[in-house]
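Each chain is listed here by its residues.
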Amino acid sequence: MKTFFKALGNVFKKPVTTKYPFEQTYKPDDYRGLIGFEESLCIWCRRCEAVCPPGAIVFSQDMEGKQTYHYNRAVCIYCTECVRACPKEGAIFQTAEPAPCALKEENINNGWNKLFAEAIESRELYAAEKKKKAAEKAAADKAAAVAKKAAEEGNKEG
Amino acid sequence: MAKQYEIPIGAQHISLLEPLHFKFTTENEKIVNTEANVFYVHRGIEQACVTKFKFRQVSFVVGRVCGLCSISHSTAYSQVAEKLLKIDIPIRAKYLRMLVIELDRIHSHLLCLSHVAENSGFEALFMKTMQYREFSMELLEAVCGNRIQYDFAIVGGVSRDLKPEVGQTILKRLKTFMPQLEEIVDIFKTNWTLSLKNKGAGIINKEMVYRLNAVGPFARAAGVPIDVRNETEDLLPWKEVGFEVVTETSGDVYARNLVRLKELYVSIRIIENIINGLPESALITETKAFPEGEATVRLEAPRGELFYYAKGNKTQVLERLKIKAPTFSNVAAMRAAFEGNEYASAPAIIASYDPCLSCTAR
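Nothing here was measured: the structure is a model prediction, and the numbers come from that model.

1. Here we look at the overall build of chain A
Phase 1 of the analysis: Summing up its helical and strand segments, chain A has 4 helices and 4 strands in all.
Phase 2 of the analysis: Radius of gyration (C-alpha) of chain A: 29 Å, far over the 15 Å computed for a compact globule of 158 residues.
Phase 3 of the analysis: Across its three principal directions, the C-alpha atoms of chain A cover 120 × 35 × 25 Å.
Phase 4 of the analysis: Within chain A, the proportion of its 158 residues that are buried is 25%.

2. Brief notes about the overall build of chain B
Phase 1 of the analysis: Secondary structure assignment for chain B yields 14 helices and 8 strands.
Phase 2 of the analysis: For 362 residues, the compact-globule estimate of 2.2 N^0.38 gives 21 Å, and the C-alpha radius of gyration of chain B, at 20 Å, lies within 12% of that figure.
Phase 3 of the analysis: With the C-alpha coordinates aligned to their principal axes, the bounding extent of chain B is approximately 70 × 45 × 35 Å.
Phase 4 of the analysis: The buried share among the 362 residues of chain B stands at 60%.
Phase 5 of the analysis: The contacts of chain B with a sequence gap of at least 6 include a subset with a gap of at least 24, amounting to 70%.
Phase 6 of the analysis: Accessible area of chain B: about 13,900 Å², with a carbon and sulfur share of 53%.
Phase 7 of the analysis: In chain B, 44 side chains carry a positive charge and 42 a negative one; their mean positions are 3 Å apart.

3. Notes on helix 12 (residues 326–338) of chain B
Helical periodicity: at 3.6 residues per turn, an α-helix aligns residues three or four positions apart in one direction.
Residues and elements named next belong to chain B.
Phase 1 of the analysis: In this model, helix 12 (13 residues) spans 19 Å end to end at C-alpha, consistent with the 18 Å of a helix rising 1.5 Å per residue.
Phase 2 of the analysis: Bending of helix 12 peaks at approximately 40° at the position of Ala-332.
Phase 3 of the analysis: Among all positions of helix 12, only Pro-326, Thr-327, Ser-329, Asn-330, Val-331, Ala-333, Met-334, Ala-337 and Phe-338 are buried.
Phase 4 of the analysis: Where helix 12 ends, the next residue or the one after it, Gly-340, has phi of about 85°, a positive value.

4. Concerning the nonpolar core
Side chains that are nonpolar tend, in soluble globular proteins, to be buried together.
Residue and element names in this part refer to chain B.
Phase 1 of the analysis: One finds Tyr-77, Ile-170 and Leu-321 to be the most contacted residues of the largest nonpolar core, which totals 89 residues.
Phase 2 of the analysis: Here this core gets 13 residues from one element, more than from any other, and that element is helix 4 (residues 91–119).
Phase 3 of the analysis: Beyond its immediate stretch of four places on either side in the chain, Leu-321 contacts Glu-46, Cys-49, Val-50, Val-58, Val-62, Tyr-77, Tyr-308, Tyr-309 and Ala-310.

5. Focus on the side chain of Arg-97 of chain B
Phase 1 of the analysis: As for its position among the elements, Arg-97 of chain B is in helix 4.
Phase 2 of the analysis: A polar contact of 2.9 Å, which involves the side chain of Arg-97 of chain B, links it to the backbone oxygen of Gly-157 of chain B.

6. Some points on the sheet that holds strand 3 (residues 30–37) of chain B
Residues and elements named next belong to chain B.
Phase 1 of the analysis: With antiparallel pairing, 3 strands are arranged side by side in an open sheet as 1-2-3. Two strands close off the open sheet at either side, each with one partner strand: strand 1 (4–9) and strand 3. Across this sheet, the average inter-strand angle for adjacent strands is 20°, counted without regard to direction.
Phase 2 of the analysis: Bridge count for strand 1 against strand 2 (residues 21–27) is 6 bridges, and the pairing is antiparallel. Along strand 2, the bridge assignment pairs Ile-7 with Phe-24.
Phase 3 of the analysis: With respect to the sheet, helix 12 is in contact with strand 2 and strand 3, its orientation differing from that of strand 3 by roughly 160°.

7. Some remarks on the sheet that holds strand 8 (residues 320–324) of chain B
Within a beta sheet, neighbouring strands are joined by backbone hydrogen bonds and run either parallel or antiparallel to one another.
Residue and element names in this part refer to chain B.
Phase 1 of the analysis: The strand order 6-7-8 describes an open sheet built from 3 strands, whose pairing is antiparallel. What marks the edges here is a single partner per strand, and that holds for strand 6 (292–301) and strand 8. Here the average twist between neighbouring strands, direction ignored, is 10°.
Phase 2 of the analysis: Relative to strand 8, strand 7 (residues 304–313) runs antiparallel, the two sharing 5 bridges. Considered in strand 8, the bridge of Ala-310 is made with Leu-321.

8. So, the packing of aromatic side chains
Aromatic ring pairs are reported here in terms of the distance separating the ring centres and the angle at which the planes meet.
Phase 1 of the analysis: For the structure shown, the criterion picks out 15 aromatic pairs over all chains.
Phase 2 of the analysis: Judged by centre distance (5.9 Å) and plane angle (85°), the ring pair of Trp-44 of chain A and Phe-59 of chain A falls under edge-to-face. Of this pair, Trp-44 of chain A sits in the loop between strand 1 (35–37) and helix 2 (47–51) while Phe-59 of chain A sits in strand 2 (residues 57–61); the two residues are 15 residues apart in sequence, bridging distant segments of the chain.
Phase 3 of the analysis: With relative accessibility at 26%, the residue Trp-44 of chain A sits in the partly exposed group.
Phase 4 of the analysis: Taken together, a centroid distance of 5.9 Å and an interplanar angle of 15° make the contact between Phe-22 of chain B and Phe-24 of chain B stacked. Across this residue pair, the class does not change: Phe-22 of chain B and Phe-24 of chain B are buried.
Phase 5 of the analysis: One aromatic cluster in this structure is built from Phe-22, Phe-24, Phe-218, Phe-338, Tyr-343 and Tyr-353 of chain B.

9. Regarding the interface of chain B and chain A
Often, the extent of an interface is quoted as the loss of accessible area upon association of its parts.
Phase 1 of the analysis: On the side of chain A, 19 residues touch chain B, which itself brings 22 residues to the contact.
Phase 2 of the analysis: Interface area, chain B with chain A, both sides summed: about 1,800 Å², of which 46% is carbon and sulfur.
Phase 3 of the analysis: Looking only at chain B, the three residues that lose the most surface to chain A are Gln-57, Phe-60 and Glu-141 of chain B, adding up to 25% of its buried area.
Phase 4 of the analysis: The tally of links between chain B and chain A comes to 3 salt bridges.
Phase 5 of the analysis: A salt bridge links Asp-151 of chain B to Arg-32 of chain A, with the shortest nitrogen-to-oxygen separation between them at 3.1 Å.
Phase 6 of the analysis: There are 11 residue pairs in polar contact (both at pLDDT 80 or more) connecting chain B and chain A.
Phase 7 of the analysis: Elements represented by at least two residues in the side of chain B that touches chain A include exactly helix 5 (123–144) and helix 6 (164–190) of chain B.
Phase 8 of the analysis: With 6 residues, the single largest contributor to the side of chain B that touches chain A is helix 5 of chain B.

10. Looking at a nonpolar patch on the surface
Phase 1 of the analysis: A surface patch of nonpolar side chains, about 480 Å² in accessible area, is lined by Met-1, Phe-4, Phe-5 and Leu-8 of chain A.
Phase 2 of the analysis: Along the chain, Phe-5 of chain A falls in helix 1 (residues 2–10).

11. Here's the deal with the environment of Gln-4 of chain B
Residue and element names in this part refer to chain B.
Phase 1 of the analysis: Secondary-structure assignment places Gln-4 in strand 1.
Phase 2 of the analysis: For the pair formed by Gln-4 and Glu-27, sequence separation is 23 residues and the distance between their alpha carbons is 4.8 Å.
Phase 3 of the analysis: Leaving out residues up to four positions away in the same chain, Gln-4 has contacts with Thr-25, Thr-26, Glu-27 and Val-32.
Phase 4 of the analysis: Polar side-chain contacts of Gln-4 include one of 2.9 Å to the side chain of Glu-27.

12. Digging into the environment of Val-259 of chain B
Residues and elements named next belong to chain B.
Phase 1 of the analysis: With respect to the helices, strands and loops of the structure, Val-259 is situated in helix 11 (residues 253–276).
Phase 2 of the analysis: The exposure class of Val-259 is buried, given its relative accessible area of 0%.
Phase 3 of the analysis: Between the C-alpha atoms of Val-259 and Leu-181, which are 78 residues apart in sequence, the distance is 14 Å.
Phase 4 of the analysis: When residues no more than four places from it in sequence are discounted, the contact partners of Val-259 are Pro-217, Arg-220, Ala-221, Val-246, Thr-247 and Glu-248.

13. Things to note about the side chain of Glu-82 of chain B
Residues and elements named next belong to chain B.
Phase 1 of the analysis: Positionally, Glu-82 belongs in helix 3 (residues 70–85).
Phase 2 of the analysis: The exposure class of Glu-82 is buried, given its relative accessible area of 6%.
Phase 3 of the analysis: At 2.8 Å, the side chain of Glu-82 forms a polar contact with the backbone nitrogen of Gly-156.
Phase 4 of the analysis: With near-sequence residues (within four places) excluded, Glu-82 lies in contact with Ile-87, Ile-89, Arg-97, Ile-154, Val-155, Gly-156 and Gly-157.

Thresholds, definitions, all that
Residues numbered from 1 in each chain as written. Chains lettered and ligands numbered in written order. Predicted model: local features only at pLDDT ≥ 70, side-chain atom pairs only at ≥ 80, totals over all residues. Heavy atoms only, no water. Helix = DSSP H or I, 4+ residues; strand = E, 2+ residues; numbered from the N terminus. Rg over C-alpha atoms; globule rule 2.2 N^0.38 Å. Buried < 20%, exposed > 50% of the residue type's maximum accessible area, 1.4 Å probe, protein only. Contact = heavy atoms within 4.5 Å. Areas by Shrake-Rupley, 256 points an atom, 1.4 Å probe, with all protein chains shown as cover. Lys, Arg positive; Asp, Glu negative; His and termini not counted. Charge placed at Lys NZ, Arg CZ, Asp CG, Glu CD. Expected span 1.5 Å × (residues − 1). Bend = angle between axes of the 7 residues up to and from the residue. Core = buried A, V, L, I, M, F, W, Y, C linked by side-chain atoms within 4.5 Å. Polar contact = N/O pair within 3.5 Å; in protein donor to acceptor, adjacent residues only side chain to side chain. Pairing = 2+ DSSP bridges. Axes fitted to C-alpha atoms, helices over the stretch in contact; angles between N-to-C directions. Phe/Tyr/Trp six-rings, centres within 6.5 Å; stacked < 30°, edge-to-face > 60°. Buried area = accessible area lost by both parts, 1.4 Å probe. Salt bridge = Lys/Arg side-chain N within 4 Å of Asp/Glu carboxyl O. Patch = residues over 30% accessible without salt bridge, like charges linked within 9 Å, V, L, I, M, F, W, Y side chains within 5 Å.

Next comes the structure, spelled out in structure tokens:
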């Protein structure tokens, strides 16, 4: 009977639900939202990429060695692991802003997989190029040293 | 002998939260035999953990095993990884882990109770319980930054600190929740309509619990004090924060409801004690070691004992990870508890098991 009267009383009460799109629901100040990136502070150690569990961060590299940061909000799980791993305070940080929905036009899954593979490939290309240049330089140095040594020996004999 | 009919329930059914299939053999509306199939949501998480992910990333992967006991999984994995690394975590991290586990237990138990009410045909109580449950979701969001996937326990400690003002909010919200909890307890105890569906339904006795290896509130409702928090003290200091084991004697749906409701009081007491006596220390133990050897861990999830086994071989990737979820232990007892009941009370009995199939099938 008590329950019945309580139920009847509920008819005159305000609804407990919030009208979501028009009214903001509860959100704490330190909500785990989008990951932000400050390029001027980054030291390009790529530690955030190494620790990221779903692989939502990747760095690509052009032939001059300049790195670019890529981030996918739909792959990200907002675990803050990248922020904890970052050795430079403020280079990568977490905002309280919730991620917007992904649209079909963005091609967020396949596009990201392609971008990820390309970024890794670009780094490998750069590394190979660097190695090649280093090898060339080493060979040139060696040749120069041999020539110098030969010249020195020639001087001695002469 | 009367004619026997076979009635299936699931894998998709309106009274089930997750894909679960029961095939009942009934005789004059009474269930005489049950077959269960629980492996509909296999996702290959164990294999992913030992191939694709590094051992520090696995604590986020296993958090996705189950939405309701996410923190239990990530805590249990973190503990087993810490055993492999042979490190001890700071005392504050232990207390914060217990705090989030207990908050999670409140929201999980309230969800289960609301579904028992719904499946017993009491829709208004379902709405009420769900409404009162919202506060625990908001508190978890304030503590961890997210409503469902907490990512709170990481290898070596916890990822976030508890701000003092958030602690005060928790105490305040728990105070406002107390009269609401009293109201729900009153309805679950005294409502006559609910008792028709709940009292004497799905009975499991003490002897069956031991024989069929049931765990969690399912076993405690039959009077067996099986609780990991009562048995081990080496990883988390449960006794220090005022834990007491809760048991009932009758072993039916009503007793399981009461066990869950009484555990809410225990959880609230534990949370209050933790916030009032939170020790100061670091949050995380840093180490550069790699996991080596074998280790096992048991932890009391909202549904019962959660078991983790891991094996490391001094590399970034684990060699083996085994997860045994509480529902998996309960399947045999679940089948036995149906026998002799009316077919009509089967949905309420299923809800009272609080089955979590995502955990079971991984």
